[in-house]
Every structure is written in structure tokens, then in C-alpha cells.
Amino acid sequence: MRIFITGATGFAGSHLVENLVSAGHEIFSLVHPETSHQPLLQHDRVNLIPGNLLDQASLETAVAQTKPDRVYHLAGQAYPAVSWQKPGLTLAVNSVGTANLLQAVVKYGRPRTLIVTSAEIYGEIKPEMLPITEETKPAPNHPYGISKWAAGLLVPLYWQRYGLPVVEARPFNHIGPRQSLGFVVPDFASQLAGMRVGQRLNQMKVGNLDAMRDFTDVRDVVRAYELLAEQGESGEAYLICSGKPVKIEAILQKLIQLVNVEIDVQQDPERMRPSDTPCLYGSYAKLEAQTGWRPQIDLDQSLADILADWVRRL
Ligand code: GDD
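All values reported here derive from a predicted model rather than from experimental measurement.

Chemist: Just checking my understanding: could you explain the sheet that holds strand β1 (residues 2-6) for this structure?
Modeler: Working definition: the strands of a sheet are paired by backbone hydrogen bonds and lie parallel or antiparallel to each other. Ordered in space as β3-β2-β1-β4-β5-β6-β11, the seven strands form an open sheet in which the pairing is parallel. Each edge of the open sheet carries a strand with a single partner, namely β3 (46-50) and β11 (237-240). Neighbour-to-neighbour, the strand axes of this sheet turn through a mean angle of 20°, independent of strand direction. Where β1 lies against strand β4 (residues 70-73), four bridges are found, and the strand directions are parallel.

Here's what the structure looks like:
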């Protein structure tokens, strides 16, 4: 199949491209020259298409030229914390960028399309409302959450208005090898790997350790994206999660155990946020019922792989 991807050079995108190439597909990757993070897989079936989500004409040309059978939309401003410094950019890229892409896809061929949003649309959820399901009412508490909520609202709209077979994936926190700094697990693992290879003193900076999050390995997450792109019901949203809340402090302790050294842990005010969702965890029942997906890689395995990846990088 011919597959058009945005965000292929991002964290999840790089894993998705590997899977799709292994399955024999031809990839057309929309690449924004200034914001691409990972080197894109070099392969004769991976084609680069320069473009910008904020330039609708460039998107229409890209989609018209590549004539995709499937579209995966992963690109965006992915940091909730950054959205406080760049609210306009976050809303533009994540919400307007999604609208521009959907418009281009509707105009040229209406292929099956997957839009990736986020569990951060839910904001502060009362404990009695947990676990989150697709029916839980969103109440975002930062510009990032609002930007992803708006992007997701376009999905049923484009299905109802234009018959575009489009599905929304709503992932919770995902972790794994290659994730950039700025997210909690790479922020912790990179510091610990630095100590292990002797580049740093045994002093560690951390942010809010009381928050609880639902972590899934990125390799399981992209498998869910592939299943949803094929089998998801048009106009519907699906949560992707492990179903288990984990305290950030527990993540820190597990990583410290893996390096097995004495550490002086210090809270860094720079890493505390103006608002931080206290507890997020979800249910993947709808995704499992539709596709048979279940997470396969457990948290301990993910953390060991991430630490090994950082030791190798350093
Ligand atoms: N980044 C970071 N660095 N977070 C820290 C640190 C630190 O040193 N110490 C504690 N934390 C806490 C944060 O305050 C937050 O409560 C939690 O760890 C997770 O932070 P992140 O890994 O930055 O992720 P996030 O939950 O804000 O957002 C992620 O998950 C969303 C889905 O639930 C991102 O991947 C989003 O793109 C995604 O939509």
C-alpha cells in the first residue's frame, strides 16, 4: 500500500515507519525541515515529501501527488509543558494543522485516515471517574489538551459531513527507545545513564513525583495505530493505554534500581508545571473489542530497554 505519514521523524513515527516498511508498504513522509527530530529510516521505499501542516496548498499538493491508500497523522507540538510558552503555535499546529490535512485528504481520494490526539484532553479527572473511557467528558487543563481536543472533534465531523473514513487514536503516555528529552522517562533515564558511564555526579533533578500516569511501550502503541488504521470504525475514538496508573516516583525508583547506585534526588522548580494533571489512567476495552489489541511489553522491560538505549547514546 501507499502510506502517507506526518510525524514520521518523531518518536512514535520512527517506530511506525519501521513496521510499515517491514510489512512491504511504500512510505511518503511529510517532512518539515526545521522540526524533524529523528533521522528518517533510509530505505528505497521511504520517500520524503517536504511540507508544512500550516500551508494547506503544500498539503494538497503532497496528498494529490502521492495518492495514498492510508494516511497516518502523528505530527504536532507534543509537549504539554511547552504549550504554556507557545499556546498559539500549539493550537495552530495541532488543531489547524489537522484541519488542513483532513481538508486535503477529503479533496484527494478519501483514503482511510488515522488522527493521533491525546489522553491529555481529559485534564483533572475526579478519582471516581477513573478509569477514563472514550465516554469520559474532556476538560483539558492546558493549551496542549485543548489543541488535541479540537483536533479530535474534527474526526466525527469529517466522517459525518464528507464520509471520510477517519479514526481517532487517543494514546496515553508512551515510552521506549529513541524518545527525546523533555518527557519524564528520558529525562530520568538520560541522567542515570550519564552516572553509569561516569559522565555525571550522582545528583539527579526531577519534577513532580506525585503525578500518576498510564505508560505503554511505543512499540505496542504503534501496533495499535496500525490496527486502528485498518479496523477502527469511522468517526470513532479509541484510547490506547495499559489500564494501570503508575506514580512518577515509582518510575524513578525502578530506574534507580536498574543502575544500582546511590543517588541524591533533588526537586528542580524549573521542572514543576503551572498545572499538572494529578492522575490519568484509562481502559483499553473498546480498542480490544474492535481489534483484539492488548499491551505486550511490560513496564520493567520498557524501562530496561530505554536505559540501555541511553547508555548506548552516551
Ligand atoms: N518531562 C518531565 N521531566 N516530567 C516530569 C519530570 C521531569 O524531569 N519529573 C516529573 N515529571 C512529571 C510531569 O510533571 C508529569 O506529571 C509526568 O511526569 C509526565 O510528564 P511527561 O513525560 O512530560 O508527559 P505528559 O504526561 O505531560 O504528556 C505526555 O503524555 C501525553 C498522553 O497522556 C506526552 O507524551 C504527550 O505528548 C501525550 O499526549
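So, next bit.
Chemist: Can you walk me through the packing of aromatic side chains in this structure?
Modeler: Pairs of aromatic rings are described using the distance from one ring centre to the other and the angle between the two planes. Overall, the coordinates contain three aromatic pairs when judged by the stated rule. Ring centres of Y79 and F183 lie 4.5 Å apart, and the angle between their planes is 10°; this geometry places the pair in the stacked category. Here the residue Y79 occupies a position in the loop between β4 and α3 (87-107), and F183 occupies one in the loop between β7 (173-175) and α5 (184-196), the gap between them amounting to 104 residues. Given the relative accessible area of 23%, F183 is considered partly exposed. Centroid distance Y284 to W293: 5.4 Å. Interplanar angle 90°. Geometry classified as edge-to-face. The pair formed by Y284 and W293 is uniform in burial state, with each residue classed as buried. If you follow R313 out to its NZ or CZ, it ends over the ring of W310, 3.9 Å from the centre.

Chemist: Would you take a moment to explain the side chain of S147 for this structure?
Modeler: Looking at the secondary structure, you find S147 in helix α4 (residues 143-162). Contacts of S147, omitting those with residues within four sequence positions, involve T90, L91, N94 and S95.

Chemist: Quick question: what am I supposed to make of the site of the ligand here?
Modeler: Near the ligand there are 22 residues, and of these A78, S118, Y144, R273 and D276 occur at the shortest range. Here A78 contributes a backbone N or O atom positioned 2.6 Å from an oxygen atom of the ligand. Take R213: an N or O atom from its side chain is 2.9 Å from an oxygen atom of the ligand. For the ligand, whose accessible area on its own is 730 Å², the fraction buried by protein is 95%. The element best represented in the shell around the ligand is α5, accounting for three residues. Taken together, the residues that form the shell around the ligand break down as eleven nonpolar, five polar and six charged. Per-domain counts for the shell around the ligand show at least three residues from each of domain 1 (2-174 + 216-240) and domain 2 (179-213 + 244-281 + 297-313).

Chemist: Help me understand the nonpolar core in this model?
Modeler: Here is a general trend for soluble globular proteins: nonpolar side chains tend to be buried in one another's company. Counting 43 residues, the largest nonpolar core has I5, Y72, Y225 and I240 as its most contacted members. Of all the secondary structure elements, the ones that give two or more residues to this core are β1, α1 (11-22), β5 (112-116), β6 (166-171), α6 (218-231) and β11. Examining the composition of this core, we find that eight residues originate from one element, α6, more than from any other. Mapped onto the domain boundaries, this core takes at least three residues apiece from domain 1 (2-174 + 216-240) and domain 2 (179-213 + 244-281 + 297-313). Setting aside its immediate chain neighbours within four residues, I5 contacts L16, V17, L20, I27, F28, S29, L30 and Y72.

Criteria and cut-off values
Residues numbered from 1 in each chain as written. Predicted model: local features only at pLDDT ≥ 70, side-chain atom pairs only at ≥ 80, totals over all residues. Heavy atoms only, no water. Pairing = 2+ DSSP bridges. Helix = DSSP H or I, 4+ residues; strand = E, 2+ residues; numbered from the N terminus. Axes fitted to C-alpha atoms, helices over the stretch in contact; angles between N-to-C directions. Phe/Tyr/Trp six-rings, centres within 6.5 Å; stacked < 30°, edge-to-face > 60°. Buried < 20%, exposed > 50% of the residue type's maximum accessible area, 1.4 Å probe, protein only. Lys NZ or Arg CZ within 6 Å of the ring centre and 35° of its normal. Contact = heavy atoms within 4.5 Å. Near = heavy atom within 4 Å. Polar contact = N/O pair within 3.5 Å; in protein donor to acceptor, adjacent residues only side chain to side chain. Areas by Shrake-Rupley, 256 points an atom, 1.4 Å probe, with all protein chains shown as cover. Nonpolar A, V, L, I, M, F, W, Y, C, P; charged D, E, K, R; others polar. Domains from an automatic or database assignment. Core = buried A, V, L, I, M, F, W, Y, C linked by side-chain atoms within 4.5 Å.

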